[in-house]
Amino acid sequence: MLRVAVCVSGGGTNLQAIIDAVESGKIRNTQLVRVISNKHGAYALERAAKAGIEGVTVAKKDFADTESFQKALLAAIDEAKPDLIVLAGFLVVLPQELVAKYKGKIINIHPSLIPSFCGDGFYGLKVHEAALARGVKVTGATVHFVDEGTDTGPIIAQKAVYVQEGDTPEVLQRRVMEEAEWVLLPQVIDQIANGQL
Ligand code: GAR
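Engineer: Would you mind showing me how to read the environment of A131 here?
Structural biologist: Position of A131 relative to the elements: it lies in helix α5 (residues 125-134). When the C-alpha atoms of A131 and S116 are compared, they prove to be 8.4 Å apart, with 15 residues separating the residues in sequence. Filtering out sequence-adjacent residues up to four positions away, A131 remains in contact with F117 and V136.

Rendered as structure tokens:
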């Protein structure tokens, strides 16, 4: 069984897609051992609780400085003894110590076709605002390994999604989630859990 810890910051629709895929058997040989949020009251934590997964909050505002926050984050991950860490809408720059310790064992979902619309400042709705402002006709989502940079790690999988006439950032975000993110992320976890990657 692959032990998976999922890190979240918000609504947790990607977390839900993972939970559903584990329950339906689309993700095989996987146990979701802990959900870690950096926001108190994130809806993702409710999703975890409903699925019987332990939820833990490590919020920066509860710590005196960045160093102690990062230490607590690393401890929350270590305690879960994960084989894989999934960043599913986790809007925190990971401490270098964590990245080094779990190199090759951390994956992230990003809502664009990397290398477009990624890097510092590109997260959530901002990504889709930028894609529409540039006038691209195709966007999508990327799952990649996490390295020391922001969205710079090796790409594992990508899925394209067409932009449609009249799209707002919210409408485009939803389509990218439905057609790409909620499909790709469970697929990649299943591949990792079953030695296909
Ligand atoms: C998702 O669209 C995810 O790709 C994005 O945040 C959203 C979280 O939604 N992540 C990033 O932008 C990372 N740079 P969710 O909480 O409903 O899964």
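So that's the structure; there's more coming.
Engineer: Quick question: what am I supposed to make of the side chain of T142 here?
Structural biologist: Relative to the assigned elements, T142 resides in strand β6 (residues 138-145). For T142, a relative accessible area of 0% puts it in the buried group. From its side chain, T142 meets the backbone nitrogen of I114 in a polar contact 3.1 Å long. Side-chain polar atoms of T142 contact the side chain of Q158, separated by 2.9 Å. Ignoring anything within four residues of it in the chain, the contact list for T142 reads N108, I109, H110, S112, L113, I114, I155, A157, Q158 and L184.

Engineer: Whenever I open this one, the pairing of strand β4 (residues 84-87) confuses me. Can you help?
Structural biologist: When a strand is regular, its side chains alternate between the sheet's two faces. Neither face of β4 is exposed, since L84 and V86 on one face and I85 and L87 on the opposite face are all buried. The pairing of strand β1 (residues 2-8) with β4 spans four bridges and is parallel. If you follow V6 over to β4, its bridge partner there is V86. Here three bridges tie β4 to strand β5 (residues 106-110), and the two strands are oriented parallel to one another. Looking at the pairing, L87 lines up with N108 of β5. Read as a crossover between parallel neighbours, the route from β4 over helix α4 (residues 96-101) to β5 is right-handed.

Rules used in this analysis
- Residues numbered from 1 in each chain as written.
- Predicted model: local features only at pLDDT ≥ 70, side-chain atom pairs only at ≥ 80, totals over all residues.
- Heavy atoms only, no water.
- Helix = DSSP H or I, 4+ residues; strand = E, 2+ residues; numbered from the N terminus.
- Contact = heavy atoms within 4.5 Å.
- Buried < 20%, exposed > 50% of the residue type's maximum accessible area, 1.4 Å probe, protein only.
- Polar contact = N/O pair within 3.5 Å; in protein donor to acceptor, adjacent residues only side chain to side chain.
- Pairing = 2+ DSSP bridges.
- Right-handed = clockwise from strand over helix to strand, strands pointing away.

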